[in-house]
Amino acid sequence: MVVKVDLTERQAKIIEIVKRNGPISGEDIASQLELSRAALRPHLSVLTMSGHLEARPRVGYYYTGKTENSLVTKALRKIKVKDVKRMPVVVKEDVSVYDAAVSLILEDTGTIYVVGEDGYLAGVVSRKDFLKSCIGGTTTRSMPVGFIMTRMPNIITTEPEEDVLDAAKKIMEYQVDSLPVVREEKNGKLKILGRFTKTSITGLMIELCGEM
Ligand code: ADP
């Protein structure tokens with residue numbers, strides 16, 4: 001198993017060296033990096049613990065290949081966001097919080113995308129945003145949804161050609177349920193093309209296993 005770790009520049013370099021020259025001794029890695037063995041040791045422990053490298057006594061370090069070469073990784077790198085994206089649920093910035101919440105329920109979605117007057121992505125409203133506005137006593141029938149949304153430029157997005165693994169990583173890293181699938185127009189604004197969600201990933205996982 002490869003445990004997710006954020007690699008430092010030095011660790012990425014060590015992986016490159018081992019990929020090219022493995023099996024290779026710690027001493028040889030150290031000399032290529034012009035580092036002492038003592039300075040190299042903690043990096044090697046991280047990389048062996050994370051599963052990127054393996055160490056064989058008297059043979060040396062070698063690259064497990066589990067990160068980029070595993071079957072699952074390969075499959076997920078081939079599938080693009082455009083292959084699994086679904087229809088977005090979009091409202092205008094000036095609709096009321098109440099009406100936006102009704103859309104959320106009727107369209108059976110967890111996140112609503114909000115567009116400005118120009119029709120481009122302006123914000124995102126999640127279930128929790130609606131709950132917060134209720135708890136906060138918002139007058140939901142009169143307050144525009146624009147008041148409670150997370151606003152551009154703080155929206156994490158994906159694009160049709162991004163592979164699903166990178167998009168899934170964004171969902172985990174930013175702890176959100178969905179990413180608007182967008183295309184950047186010449187004016188720098190984002191046109192909404194779809195949504196990529198935790199459900200997209202779950203569905204894909206089941207499909208890849210040949211179930212359903
Ligand atoms: P929930 O609120 O149901 O837990 P999320 O985890 O998706 O759903 O949302 C948490 C917060 O992150 C909300 O305030 C929401 O507006 C915001 N958010 C949701 N999706 C995105 C996104 N793609 N980019 C930036 N912020 C987002």
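As the structure is a prediction and not an experimental result, all values here were calculated from the model.

S.K.: Looking at this model, I keep getting lost on the sheet that holds strand β6 (residues 150-151). Mind explaining?
M.R.: Two pairing modes exist for strands in a sheet, parallel and antiparallel, and in both the strands are linked by backbone hydrogen bonds. With mixed pairing, four strands are arranged side by side in an open sheet as β3-β4-β5-β6. Both outer strands of the open sheet, β3 (90-92) and β6, are each paired with one neighbouring strand and no more. Both strand β5 (residues 121-126) and β6 contribute to a ladder of two bridges, which runs antiparallel. What sits directly across from Gly123, in β6, is Arg151.

S.K.: Looking at this structure, how should I read the layout of surface pockets?
M.R.: Over the atoms rolls a probe the size of a water molecule, and in doing so it shows where empty space is left. Here the second largest pocket is characterised by a volume of approximately 420 Å³. Broken down by secondary-structure element, the contributors of at least two residues to the lining of the second largest pocket are β5, α8 (127-135) and β7 (178-184). Counting residues per element, the lining of the second largest pocket draws most heavily on α8, which supplies four residues. Grouping the amino acids of the lining of the second largest pocket by side-chain chemistry returns five nonpolar, seven polar and five charged.

S.K.: How should I be thinking about the packing of helix α2 (residues 26-33) against helix α3 (residues 37-49) in this particular structure?
M.R.: In helix packing, the relevant descriptors are the interaxial angle and the interaxial distance, both defined with respect to the helix axes. The contact between α2 and α3 brings their axes to 10 Å, and the two run at 110 degrees. Taken together, α2 and α3 sit at an angle that is classed as roughly perpendicular. Two packed elements cross with a definite hand, and for α2 against α3 that hand is right-handed. Counted together, Gly26, Glu27, Ile29, Ala30 and Leu33 of α2 and Arg37, Leu40 and Leu44 of α3 form the full contact between these two elements. In the contact of α2 with α3, the residues fall into five nonpolar, one polar and two charged.

Rules of the game
The numbering scheme is per chain: residues are counted from 1 as the chain's sequence reads. Given that the model is predicted, a residue must reach a pLDDT of at least 70 before its local features are reported, and side-chain atom pairs must reach 80 or more before they are shown or counted; all residues, however, enter totals for whole chains, interfaces and linings. Side-chain measures were taken over the full set of non-hydrogen atoms in the model, leaving aside hydrogen atoms and water. At least two DSSP bridges between two strands are needed for those strands to be called paired. The secondary structure listing takes helices from DSSP runs of H or I that are at least 4 residues long and strands from runs of E that are at least 2 residues long, numbered from the N terminus. Buriedness of a pocket was judged along seven lines, with at least five required to meet protein on both sides within 12 Å; pockets are open sets of points on a 1 Å grid over the protein atoms alone, cavities are sets where a 1.4 Å probe fits but cannot get out, and lining residues have an atom within 4 Å of a point. Grid points are joined across faces, edges and corners, and a volume is the space filled by probe spheres set on the points. Gly is put with the polar residues, along with every residue not named as nonpolar or charged; the nonpolar set is Ala, Val, Leu, Ile, Met, Phe, Trp, Tyr, Cys and Pro, and the charged set is Asp, Glu, Lys and Arg. Lines fitted to the C-alpha atoms define the axes, with helices restricted to the stretch that makes contact. Angles between their N-to-C directions range from 0 to 180 degrees. Each angle gets one of four labels, with under 35 degrees taken as roughly parallel, over 145 as roughly antiparallel, 65 to 115 as roughly perpendicular, and the rest as oblique. Put simply, a crossing is left-handed when the front helix is turned counterclockwise from the back one by less than a right angle, and right-handed when it is turned clockwise. By definition in these notes, contact holds between two residues if any of their heavy atoms fall within 4.5 Å.

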